[in-house]
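Close look at the chain arrangement
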Amino acid sequence: MTVSGTPASTDPASVPHLDVDPFDMTFFADPYPAHQRLREAGPVVYLDKWNVYGVARYAEVHAVLNDPVTFCSSRGVGLSDFKKETPWRPPSLILEADPPAHTRTRAVLSKVLSPTVMKQIRDRFAAAAEERVDALLEKRSFDAITDLAEAYPLSIFPDALGLKPEGREHLIPYASVVFNAFGPPNELRQQAIARSAPHQAYVAEQCQRDNLAPGGFGACIHAQADEGAITATEAPLLVRSLLSAGLDTTVNGIGAAVYCLARFPDQWQRLRDDLTLARNAFEEAVRFESPVQTFFRTTTREVELSGATIGEGEKVLMFLAAANRDPRRWDQPDSYDITRRTSGHVGFGSGIHMCVGQLVARLEGEVMLTALARRIAKIEITGEPKRRFNNTLRGLDSLPVTITPA
Amino acid sequence: MPAITFIHPDGKSERVETSGGESVMQAATRHGLDGILAECGGNAMCATCHVYVDESWLARLAAMAGDEDALLDGTAAERRPNSRLSCQIDITPELDGLVVRLPERQV
Ligand code: HEM
Ligand code: FES
């Protein structure tokens, strides 16, 4: 990789140009040196490979996230500009929307996934976590991705949504398409979309009111149509948002937490000594690994950002993961510390689009880590962890471990 | 600069000097105060920055928005008439001397 140009000034030509491809397999294998180069090159950089601006420092990522009028989402939060290209699926009514449209749909999902609702589902989620640990203790040796990070959310989230038992095997593949599709037209994206038809058909069907069990998140969204908060045609698309964003993200979040705790036994011991740290241990894993690595915005006007001038209609790539380890913002950014004050990390985004499912994610993470730490003395990695490659999500494909009961 | 007093559940009080243009939550977390989690970083989404505002100050705060009101129904500790989310209280010079009490728990 080469860095040309001088530090950014008002002259747009002076924004440093980098030839790094953040959607390349070698980048995914070890993104940290490249993240550092992106941060150090300047507050705003230009990536020639995909003709996009990039921000990798905490201050600029936070600023872009919190100025949705200038940096909009309605032209897509992936590389594709919906003003110039037809989206691969009907756009999301929340993720890929701007105020005032976003304000209305967001209010509906905020209500369905509110702290009050979390209190109601907490015991059920905690009981399922205990059952998962029962099964793992019987196995002793297992794959912490398939048997834990995937198995736990799969045992609880589709039921919470109110999905039918049949066809759930489409859920993770569908999410993987969605998150690959935010990337550039590389092989990952092309292949994902090419194979997406059966998953899309399943999801479209399950979002219909008749297919969602009463009392679940899905039925609650449809009930909001009765209240007049959204229309009956909008409801299925909002259910789709939970199917897209609610499962694979927590799989990678829980996977990240287990991978951290297995790699850093001192932190595991600290957690075992004080189970109230479980929630923050999960939060710190979301900062440290950033399961959602990147999102784009599109400029609605010419704008100056930290001395760089960006024209109208430009894509800006936000490196959430790099911001979460920016030494300008974090002490010892590369260490996993379960007692860290994590408030302010951008692993769930920030501003009006900040993850509407963050309370569900934290609940799953907290109860799962609590159950593990209470009943397991030791987690040992027994084989080479294998990475899963996705244009947006970071996580493992397999993590062989052996556990010792407490 | 306005100062705020936080009173912990055990009665211990902590005075925090604030800087301009921040919320009560930001002043607390910048100071490293225990008892305010602020998991959502001040985006009015988590209700883990809950405080009980001293009665004598309550009327002097700007009224709360609908989303704050709804979130307060989900706080971990009991909601009281003087419950507020500290990330939604912007510190102004008039709030110099504000007293808030911290709840038993935030999650
Ligand atoms: C560890 C798990 C998770 C991570 C790391 C994560 C990350 C994110 C991020 C970074 C955003 C911001 C997108 C943007 O600014 O453009 C977001 C938004 C969103 N997330 Fe999550 N998420 C997680 C879990 C969940 C869950 C469990 C759900 C559903 C129950 C969910 C549903 C959504 C939705 C619907 C949005 C769009 C919100 C909006 O645009 O207003 N996420 N998430
Ligand atoms: S910090 Fe989350 S609601 Fe105040």
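One structure accompanies this document, and this report is about it. For clarity, every value in this text was computed on a predicted model and none was experimentally measured.

Topic: the packing of helix H7 (residues 171–181) of chain A against helix H9 (residues 197–206) of chain A
All names here are of chain A. Here H7 crosses H9 at 110°, and the two axes come no closer than 9 Å. Our classification of the angle between H7 and H9 gives roughly perpendicular. From H7, Leu 171, Pro 173, Tyr 174 and Val 177 reach across to H9, where they touch His 199, Gln 200, Tyr 202 and Val 203. Considering only residue class, the contact of H7 with H9 consists of six nonpolar, two polar and no charged.

Details of the coordination of the iron atom of ligand 1
No other protein atom reaches the iron atom of ligand 1 as a donor apart from Cys 355 of chain A (SG), found 2.3 Å away. Residue position: Cys 355 of chain A is located in the loop between helix H15 (320–323) and helix H16 (358–375).

What to know about the layout of surface pockets
Counted as a void, the largest pocket has a volume near 780 Å³. The wall of the largest pocket is formed by 34 residues, among which Thr 276, Leu 277 and Asn 280 of chain A together with Leu 37 and Val 107 of chain B lie closest to the centre. Those elements that place two or more of their residues in the lining of the largest pocket are helix H5 (115–139), helix H14 (278–289) and H16 of chain A. The biggest single contributor to the lining of the largest pocket is H14 of chain A, with four residues. Taken together, the residues of the lining of the largest pocket sort by class into 14 nonpolar, nine polar and 11 charged.

Things to note about the site of ligand 1
All names here are of chain A. Surrounding ligand 1, one finds 24 residues, the nearest of these being His 102, Arg 106, Arg 297, His 353 and Cys 355. In the model, an oxygen atom of ligand 1 is placed 3.4 Å from a nitrogen or oxygen of the Ile 94 main chain. With respect to ligand 1, the side chain of Arg 297 contributes an N or O atom lying 2.7 Å from an oxygen atom. Among the detected pockets, ligand 1 sits in the largest cavity. At the level of elements, helix H4 (101–112), helix H11 (234–245), helix H12 (248–263) and strand E7 (294–299) are the ones that each hand at least two residues to the shell around ligand 1.

Brief notes about the environment of His 17 of chain A
Residue and element names in this part refer to chain A. Here His 17 shows up in strand E2 (residues 17–18). Judged by relative accessible area, His 17 falls into the partly exposed class, the value being 28%. Separated by 382 residues in sequence, His 17 and Leu 399 place their C-alpha atoms 37 Å apart. Separated by 2.7 Å, the side chains of His 17 and Asp 48 make a polar contact.

Notes on the packing of aromatic side chains
Residues and elements named next belong to chain A. The tally for this structure, following the rule as stated, stands at 10 aromatic pairs over all chains. When the ring of Phe 23 is compared with that of Phe 296, the centres are 6.1 Å apart and the planes differ by 15°; the resulting orientation is stacked. Of this pair, Phe 23 sits in the loop between E2 and helix H1 (25–29) while Phe 296 is found in strand E7, placing the two residues 273 residues apart along the sequence. With a relative accessible area of 5%, Phe 23 lands in the buried category. Taking the relative accessible area as the measure of exposure, Phe 296 reaches 2% and is therefore buried. On the numbers, 5.2 Å between centres and 75° between planes, the contact of Phe 182 with Phe 295 is edge-to-face. Placement of the pair is Phe 182 in the loop between H7 and helix H8 (187–194) and Phe 295 in strand E7, with a sequence separation of 113 residues. Residue classification places Phe 182 among the buried positions, given a relative accessible area of 6%.

Some thoughts on the packing of helix H6 (residues 145–161) of chain A against helix H10 (residues 217–226) of chain A
Residues and elements named next belong to chain A. Viewed as axis vectors pointing N to C, H6 and H10 meet at an angle of 25°, and their least axial separation amounts to 5 Å. In this view, H6 runs roughly parallel relative to H10, as classed from their interaxial angle. When H6 is examined against H10, the residues Phe 157, Ala 160 and Leu 161 are found in contact with a partner set consisting of Phe 217, Gly 218 and Ala 219. In the contact of H6 with H10, the residues fall into five nonpolar, one polar and no charged.

Remarks on the sheet that holds strand E6 (residues 141–143) of chain A
Residue and element names in this part refer to chain A. If you walk across this open sheet you meet the three strands as E6-E14-E11, and the pairing is antiparallel. The sheet is open, and its two borders are formed by E6 and strand E11 (376–381), each paired with just one other strand. Direction aside, the axes of adjacent strands within the sheet are offset by 30° on average. The pairing of E11 with strand E14 (residues 400–405) spans five bridges and is classified as antiparallel. Pairing of Ile 381 across the sheet is with Val 401, part of E14.

Considering the pattern of salt bridges
Under the definition given, this model contains 35 salt bridges over all chains. Among the ionic pairs, Asp 226 of chain A bridges to Arg 209 of chain A, the shortest N-O distance being 2.9 Å. Here Arg 209 of chain A lies in the loop between H9 and H10 and Asp 226 of chain A lies in helix H10, a separation of 17 residues in the sequence. The exposed category is assigned to Asp 226 of chain A, whose relative accessible area is 57%. A relative accessible area of 39% means that Arg 209 of chain A is categorised as partly exposed. In this structure, Arg 30 of chain B engages Glu 22 of chain B in a salt bridge whose closest nitrogen and oxygen atoms are separated by 2.7 Å. A network of salt bridges, in which partner residues are shared, links Arg 122, Arg 279, Glu 283, Arg 362 and Glu 366 of chain A together with Glu 39 of chain B.

Focus on the nonpolar core
It is characteristic of soluble globular proteins that their nonpolar side chains tend to be buried jointly. By size, the foremost hydrophobic cluster in this structure holds 111 residues, and its most contacted members are Phe 125, Tyr 152, Phe 217, Ile 221, Leu 271, Leu 369 and Leu 372 of chain A. Take this core: its biggest share by element is 10 residues, from H16 of chain A. Residues contacting Phe 125 of chain A, with those up to four places away along its chain left out, are Tyr 152, Ile 156, Ala 160, Val 360, Leu 363, Glu 364 and Val 367 of chain A. The next biggest cluster of nonpolar side chains, apart from the first, holds 29 residues, and it includes Val 51, Leu 85, Leu 98 and Leu 102 of chain B.

Here we look at the side chain of Glu 366 of chain A
Residue and element names in this part refer to chain A. Inspection of the secondary structure puts Glu 366 in helix H16. Here Arg 122 takes part through its side chain, which lies 2.8 Å from a polar atom of the side chain of Glu 366. Those residues in contact with Glu 366 that sit more than four places away from it in its chain are Arg 122, Ala 278 and Arg 279.

Overview of the interface of chain B and chain A
Facing 20 residues of chain B, the contacting portion of chain A comprises 16 residues. The largest contributions to the chain B side of the interface with chain A come from Glu 39, Asn 43 and Met 45 of chain B, which together make up 44% of the buried area. Glu 39 of chain B serves as the salt-bridge partner of Arg 279 of chain A, at 2.7 Å between the closest nitrogen and oxygen. When the residues that make up the side of chain B that touches chain A are grouped by side-chain class, the tally is 11 nonpolar, six polar and three charged.

Thresholds, definitions, all that
- Residues numbered from 1 in each chain as written.
- Chains lettered and ligands numbered in written order.
- Predicted model: local features only at pLDDT ≥ 70, side-chain atom pairs only at ≥ 80, totals over all residues.
- Heavy atoms only, no water.
- Axes fitted to C-alpha atoms, helices over the stretch in contact; angles between N-to-C directions.
- Helix = DSSP H or I, 4+ residues; strand = E, 2+ residues; numbered from the N terminus.
- Parallel < 35°, antiparallel > 145°, perpendicular 65-115°, else oblique.
- Contact = heavy atoms within 4.5 Å.
- Nonpolar A, V, L, I, M, F, W, Y, C, P; charged D, E, K, R; others polar.
- Donors = N, O, S within 2.8 Å, 3.2 Å for Na, K, Ca; no water.
- 1 Å grid on protein atoms, 1.4 Å probe; cavity = no way out; pocket = protein on both sides within 12 Å on 5 of 7 lines; lining within 4 Å.
- Points joined across faces, edges and corners; volume = space filled by probe spheres on them.
- Near = heavy atom within 4 Å.
- Polar contact = N/O pair within 3.5 Å; in protein donor to acceptor, adjacent residues only side chain to side chain.
- Sits in = over half its atoms within 2 Å of the grid points.
- Buried < 20%, exposed > 50% of the residue type's maximum accessible area, 1.4 Å probe, protein only.
- Phe/Tyr/Trp six-rings, centres within 6.5 Å; stacked < 30°, edge-to-face > 60°.
- Pairing = 2+ DSSP bridges.
- Salt bridge = Lys/Arg side-chain N within 4 Å of Asp/Glu carboxyl O.
- Core = buried A, V, L, I, M, F, W, Y, C linked by side-chain atoms within 4.5 Å.
- Buried area = accessible area lost by both parts, 1.4 Å probe.

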